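Close look at the chain arrangement
This is what each chain is made of:
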Amino acid sequence: MKAIVFDNAGTILKRVTSLKDMSTNNIIFETNTIGIANKNENNIILVFQTPTKDLIKLNTKIIDFLKTNKEAYEISYSQKNFTKNDVIEALEQDTTTFNDIAETAHALINRYDIEICSGSAMIINLSEKKIEYVYTAGGLFFDKTEFLFKKLHDMQIPVYIASGDNEYSLKKIASILNIPEENVYHTCNINCKEKVVSSLQKRYSHVTMVGNHTNDSLAIKKADVGILTIQQGEKLPDNLKENSDYIIKDIKEVLNILDF
């Protein structure tokens, strides 16, 4: 039996972001957060599990929250192995507050008519010991996303999601797309996604991975068929393209590749 794994943002969801540059206080839209994180090997992306609507009610420094709520966030992307303790130690003197995240949340809502709020996150430079960006992300399903997932369900193909996004938003997306909650892996970093594919290969004869960026690269390479979608329109490194079996411009093309 075949199974298929999808990343979320940029893959099944057209992602939009509102990002605050903490060095300039400017709000920036349409950013490539993975691309920004990749500029420094000591950068990480930290995702809050707490819904944005609750985060923006807080009136404290972010570091104070991180110290006492370790279960409420995860490192979703990094090029090196870092721990939550590394984050807390690095940000001891950082003064960024949840008011900064509230700015990005309000800016996102004011600019876009989003269907899903994926949550809020930060890009942290651990070598410089500071939060460089805070952001809130959301999006709309690509035109053929719901069509594709209905087809997969009709064919009784097991569908999974492995994404760096938080649990709250992915549960909402899974509900809309009729994906069982147990098939959703949230706050899943590059190594986690590879492990998900590897684990599924022990249960299914053929596993396909569909992703859109470098945080999907190991899973795309590990899968029996690795599909890179460029529908989000972001600039991607050549090695990611070279390690993909297929490159598609529309999510519906997955059906042609699987040849159902």
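Reading the values: the criteria
- Residues numbered from 1 in each chain as written.
- Predicted model: local features only at pLDDT ≥ 70, side-chain atom pairs only at ≥ 80, totals over all residues.
- Heavy atoms only, no water.
- Pairing = 2+ DSSP bridges.
- Helix = DSSP H or I, 4+ residues; strand = E, 2+ residues; numbered from the N terminus.
- Contact = heavy atoms within 4.5 Å.
- Axes fitted to C-alpha atoms, helices over the stretch in contact; angles between N-to-C directions.
- Buried < 20%, exposed > 50% of the residue type's maximum accessible area, 1.4 Å probe, protein only.
- Polar contact = N/O pair within 3.5 Å; in protein donor to acceptor, adjacent residues only side chain to side chain.
- Disulfide = S-S within 2.5 Å.
- Core = buried A, V, L, I, M, F, W, Y, C linked by side-chain atoms within 4.5 Å.
- Salt bridge = Lys/Arg side-chain N within 4 Å of Asp/Glu carboxyl O.
- Arc of directions from axis to C-beta.
- Phe/Tyr/Trp six-rings, centres within 6.5 Å; stacked < 30°, edge-to-face > 60°.
- Lys NZ or Arg CZ within 6 Å of the ring centre and 35° of its normal.

Attention shifts here to the sheet that holds strand E11 (residues 225–229). Read from one edge to the other, the open sheet built from 6 strands follows the order E9-E8-E1-E10-E11-E12, with strand pairing classed as parallel. Only two strands of the sheet have a single partner each, and these edge strands are strand E9 (184–185) and strand E12 (246–248). Taken together, the 5 bridges between strand E1 (residues 2–6) and strand E10 (residues 206–211) define a ladder with parallel strand orientation. Each residue of the ladder has a partner; that of isoleucine 4, found in E10, is threonine 208. Sitting on the sheet, helix H6 (residues 145–154) touches E1 and strand E8 (159–162), and the angle it makes with E1 is about 155°.

It is worth spelling out the side chain of threonine 33 at this point. Following the sequence through the fold, threonine 33 ends up in helix H1 (residues 33–37). Overall, the relative accessible area of 3% leaves threonine 33 in the buried class. In terms of polar contacts, threonine 33 uses its side chain to reach the side chain of arginine 15, at 3.1 Å. Among residues more than four places away in sequence, those in contact with threonine 33 are Arg15, Leu19, Ile45, Ile123 and Tyr135.

Right, let's get into the side chain of aspartate 216. On the secondary structure map, aspartate 216 appears in the loop between E10 and helix H9 (217–222). The contacts of aspartate 216, once residues within four sequence positions are left out, are Asp7, Lys193, Met209 and Gly211.

Moving on, we come to the state of the cysteines. Applying the stated rule across the entire model yields 1 disulfide. With its sulfur 2.0 Å from that of its partner, cysteine 188 forms a disulfide with cysteine 192. Judged by the sign of its S-S torsion, about -95°, the cystine formed by cysteine 188 and cysteine 192 is left-handed.

Here we take up the nonpolar core. Within the largest apolar cluster, 27 residues are counted, with the highest numbers of intra-cluster contacts made by Ile4, Phe6, Leu152, Ile173 and Val254. Sorting the residues of this core by element identifies E1, H6, E8, helix H7 (167–176), E11 and helix H11 (253–258) as the ones contributing at least two each. Residues within four places of isoleucine 173 in sequence aside, it is in contact with Asn8, Ile12, Leu13, Ile116, Phe141 and Ile161. Leu46, Leu55, Tyr73 and Val87 belong to the second largest nonpolar core, which has 23 residues in total.

Through backbone hydrogen bonds, the strands of a sheet pair up, either in parallel or in antiparallel fashion. With antiparallel pairing, 6 strands are arranged side by side in an open sheet as E3-E2-E7-E6-E4-E5. One side of each edge strand has no neighbouring strand; the edge strands of this open sheet are strand E3 (26–29) and strand E5 (73–78). With direction set aside, neighbouring strand axes in the sheet form an average angle of 25°. Taken strand by strand, H7 contacts strand E2 (13–21), strand E6 (116–125) and strand E7 (130–141), and its axis lies near 145° from that of E6.

Inspection of every chain in the model, using the stated rule, returns 12 salt bridges. A salt bridge links aspartate 7 to lysine 193, with the nearest nitrogen and oxygen atoms 3.1 Å apart. Here aspartate 7, found in the loop between E1 and E2, pairs with lysine 193, found in helix H8 (residues 190–201); they are 186 residues apart in sequence, far enough to count as distant. Two residues, lysine 67 and glutamate 92, come together in a salt bridge whose shortest N-O distance is 2.7 Å. Here glutamate 92 lies in the loop between helix H4 (84–90) and helix H5 (98–111) and lysine 67 lies in helix H3 (residues 62–68), a separation of 25 residues in the sequence. Judged by relative accessible area, lysine 67 falls into the partly exposed class, the value being 37%.

With that settled, consider H6. Among the residues of H6, those classed as buried are Thr145, Leu148, Phe149 and Leu152. Taken end-on, H6 shows its buried residues confined to a sector of 95°, consistent with a single buried face. Tucked into the core, H6 has its buried residues touching E1, E7, E8 and H11.

Another aspect to go through is unusual backbone geometry. Its identity is not glycine, yet glutamate 30 carries a phi of approximately 55°, on the positive side. Counting through the fold element by element, glutamate 30 comes out in the loop between E3 and H1. By relative accessible area, which is 49% here, glutamate 30 ends up partly exposed.

Take asparagine 191: it is sitting in helix H8. Sequence spacing of asparagine 191 and glutamate 30 is 161 residues, and the spatial spacing of their C-alpha atoms is 26 Å.

So, on to the packing of aromatic side chains. Evaluated as defined, the whole model comprises 6 aromatic pairs. When the ring centre of tyrosine 73 is taken as reference, the NZ or CZ atom of lysine 84 above it lies at 5.0 Å. A cation sits over an aromatic face here: arginine 111 above phenylalanine 29, 4.2 Å from the ring centre.

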